[in-house]
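# Secondary and tertiary structure notes
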Amino acid sequence: MGDGKRVISLADNHALLWDLQESSTQAMVSSTATLEGKGQLKFTSGKWSPHHNCSQLATANDTAIRGWDLRTMSQIYCIENAHGQLVRDLDFNPNRQYYLASCGDDCKVKFWDVRNVQEPVKTLEEHSHWVWSVRYNHSHDQLVLTASSDSRLILSNMVSISSEPFGHLVDDEELSEGEDNHQDDKSKEPLKDSVVSTYEEHEDSVYAAEWSSADPWLFASLSYDGRLVINRVPRALKYRILL
């Protein structure tokens, strides 16, 4: 649901836009789009963009990613062969309107600028099996969660492609008098892209990862065996971002 008034459903090769206000008793289909091409094409995933007045949708089918304008239900961009195998999940950067993350069965996580879809702006290859879920932090978009059937959940700090690419640089005056010189030097170094933590509490494929809507430092992961694990962003990174 993008704006609280509409909902999108994906069924086989059809995208249906439902109006929740047309009727008080049932949702009404207001418009549709059909995925056309050779073979039996099917949508595998979709994500409503929070930008552009909630008028855009991204979908995945097989190895391709497509963007749609919901006002006309027409395709506005296509990333052919976005992944080497099936695309599993998509997520929009909440703070950078043209940035989209994707993951798939090629064990990769890719970050795209949909204005130029020839090459991804960044690729992560930290997982050893299919990547089922990718999620941006709602408040601090440099924090990205990825869940995989290698039984691991990975938290990455993708600061170079975030809305705050230089991190927070601390002036000498902001430091307390008791800190050592080597801490002073570190505080003025910009953050770099890195894997923050790898979580291995699961014993089976991790199918989903989500950030808390109430606490930006809290996240959960769910695996095939039904285990739900809740974790927090490491305190050191939290304060590095905040301070």
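To start, this report covers the structure provided alongside it.

Strand order in this open sheet of 4 strands is β4-β5-β6-β7, and the pairing throughout is antiparallel. Of all strands in the sheet, those with a lone pairing partner are β4 (45–48) and β7 (74–79), marking the two edges. Shown here is a sheet whose adjacent strand axes are inclined to one another by a mean of 20°, direction ignored. The sheet contact formed by strand β6 (residues 64–69) and β7 spans 5 bridges and is antiparallel. Within the sheet, the bridge partner assigned to Gly 67 lies in β7 and is Tyr 77.

Turning to the sheet that holds strand β3 (residues 28–34), a few remarks are in order. In space, the 3 strands of this open sheet follow the order β1-β2-β3, with antiparallel pairing throughout. Looking at which strands have only one partner, the edges of the open sheet turn out to be β1 (6–11) and β3. For this sheet, the mean angle separating the axes of adjacent strands, direction not counted, is 20°. As judged from the 6 bridges shared by strand β2 (residues 14–19) and β3, these two strands associate in the antiparallel manner. Counterpart to His 14 in the pairing with β3 is Thr 34.

As for its position among the elements, Gly 37 is in the loop between β3 and β4. A relative accessible area of 53% places Gly 37 in the exposed class. Taking C-alpha positions, Gly 37 is 9.9 Å from Asn 13, a pair spaced 24 residues apart along the chain.

Core analysis: the biggest nonpolar cluster contains 14 residues, and Leu 143, Leu 145, Leu 153, Leu 155, Trp 211, Phe 219 and Val 233 have the highest contact counts within it. Sorting the residues of this core by element identifies β13 (143–148), β14 (153–157), β16 (206–211) and α2 (235–242) as the ones contributing at least two each. Ignoring any residue separated from it by four or fewer positions in sequence, one finds Leu 155 in contact with Leu 143, Val 144, Leu 145, Val 195, Val 196, Ser 197, Tyr 199, Trp 211, Phe 219, Val 233 and Pro 234. Membership of the second largest hydrophobic core comes to 13 residues, among which are Ala 60, Ile 65, Tyr 77 and Trp 112.

So, about the packing of aromatic side chains. Given two aromatic rings, their pairing is described by the distance between the two centres and the angle made by the two planes. Counting across every chain of the model gives 7 aromatic pairs. Here the aromatic rings of Phe 43 and Trp 68 are separated by 6.3 Å at their centres, their planes lie at 70°, and the arrangement is edge-to-face. Within this pair, whereas Phe 43 is found in the loop between β3 and β4, its partner Trp 68 is found in strand β6, the two being separated by 25 residues in sequence. With respect to class, Phe 43 is no different from Trp 68; both count as buried. Summarising the aromatic geometry, the rings of Phe 111 and Tyr 136 are spaced 6.2 Å apart at their centres and angled 65° between planes, so their arrangement reads as edge-to-face. Placement of the pair is Phe 111 in strand β10 (residues 109–113) and Tyr 136 in strand β12 (residues 131–136), with a sequence separation of 25 residues. Since its relative accessible area comes to 3%, Tyr 136 is described here as buried. Through pairs of rings, three or more aromatic residues link up here, namely Trp 130, Trp 132, Tyr 207 and Tyr 224.

Sheet analysis places β16 next to strand β17 (residues 218–223), joined by 5 bridges and oriented antiparallel. Pairing of Trp 211 across the sheet is with Phe 219, part of β17. A loop of 6 residues connects β16 with β17, the two strands running antiparallel in sequence.

Inspection of every chain in the model, using the stated rule, returns 10 salt bridges. Asp 69 is the partner of Arg 71 in a salt bridge, and the nearest nitrogen-oxygen pair spans 2.9 Å. On the accessibility criterion, Arg 71 (64% relative accessible area) is exposed.

Positive phi is not limited to glycine here, since Asn 53 has a value of about 55°. By secondary structure assignment, the location of Asn 53 is in the loop between β4 and β5 (56–61). Phi is positive for Cys 107, which is not a glycine, with a value near 70°. Mapped onto the secondary structure, Cys 107 falls in the loop between β9 (99–104) and β10.

Relative to the helices and strands, Lys 47 resides in strand β4. In this structure Lys 47 comes out as partly exposed when scored by relative accessible area, which is 23%. Ignoring any residue separated from it by four or fewer positions in sequence, one finds Lys 47 in contact with Leu 57, Ala 58, Leu 90, Asp 91, Phe 92 and Arg 135. One polar contact links Lys 47 to Asp 91, side chain to side chain, over a distance of 3.5 Å.

About the thresholds
Residues numbered from 1 in each chain as written. Predicted model: local features only at pLDDT ≥ 70, side-chain atom pairs only at ≥ 80, totals over all residues. Heavy atoms only, no water. Pairing = 2+ DSSP bridges. Helix = DSSP H or I, 4+ residues; strand = E, 2+ residues; numbered from the N terminus. Axes fitted to C-alpha atoms, helices over the stretch in contact; angles between N-to-C directions. Buried < 20%, exposed > 50% of the residue type's maximum accessible area, 1.4 Å probe, protein only. Core = buried A, V, L, I, M, F, W, Y, C linked by side-chain atoms within 4.5 Å. Contact = heavy atoms within 4.5 Å. Phe/Tyr/Trp six-rings, centres within 6.5 Å; stacked < 30°, edge-to-face > 60°. Salt bridge = Lys/Arg side-chain N within 4 Å of Asp/Glu carboxyl O. Polar contact = N/O pair within 3.5 Å; in protein donor to acceptor, adjacent residues only side chain to side chain.

Any functional reading would require information that these geometric values do not contain.
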